[in-house]
Structures are given as C-alpha cells and as structure tokens.
Amino acid sequence: MAWTTPRQDPDRCRRRLQLLAELAGARAVRQRSRPQRQRTERLRQLIATRRRVAS
C-alpha cells in the first residue's frame, strides 16, 4: 500500500504560514531588545556592588 499525504486545507495552510510569520517577527523583536535588557541588568549589578562597597 502506497503512502499518500493528504492535501491540506488551503485556509489552514495560510493560517499556519501567518502564525509562523508572526512568531518569527516576535522572535526578532525579542532578540533586538535583549542587548538593552542585558545592559540594564549589568548596570543594576554594578550599582548594587558599589552600594555594598560604599557601606
């Protein structure tokens, strides 16, 4: 018996591609915002260290 792949519903395929595109866009935005988050976290660590040393 030969295996055949069922034809997907075109609407379902379109929705899937749209969802994947939205996820990719969200991932790109998240990756662009990470350096700022890392700088902020590093700055907080430096401030906390400085306060401990000054005390």
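Heads up: the structure comes first, above all this text.
Structure report, in brief.

So, on to the overall build of the protein chain. The helix and strand inventory of the protein chain stands at one helix and zero strands. Expressed as a percentage of its 55 residues, the buried residues of the protein chain come to 0%. Approximately 5,900 Å² of the protein chain is accessible, and the part contributed by carbon and sulfur atoms is 56%.

It is worth spelling out the pattern of salt bridges at this point. What the rule picks out here adds up to two salt bridges. Two residues, Asp11 and Arg14, come together in a salt bridge whose shortest N-O distance is 2.5 Å. On the criterion of helical spacing, the pair formed by Asp11 and Arg14 is a turn pair, its members being three residues apart in helix H1 (residues 10-54). Residue class for Asp11 comes out partly exposed when judged on its relative accessible area of 32%. A residue is classified by how much of its surface remains accessible, and Arg14, at 47% relative accessible area, is partly exposed. One salt-bridge network, in which partners are shared between bridges, spans Asp11, Arg14 and Arg15.

Calculation criteria
Residues numbered from 1 in each chain as written. Predicted model: local features only at pLDDT ≥ 70, side-chain atom pairs only at ≥ 80, totals over all residues. Heavy atoms only, no water. Helix = DSSP H or I, 4+ residues; strand = E, 2+ residues; numbered from the N terminus. Buried < 20%, exposed > 50% of the residue type's maximum accessible area, 1.4 Å probe, protein only. Areas by Shrake-Rupley, 256 points an atom, 1.4 Å probe, with all protein chains shown as cover. Salt bridge = Lys/Arg side-chain N within 4 Å of Asp/Glu carboxyl O.

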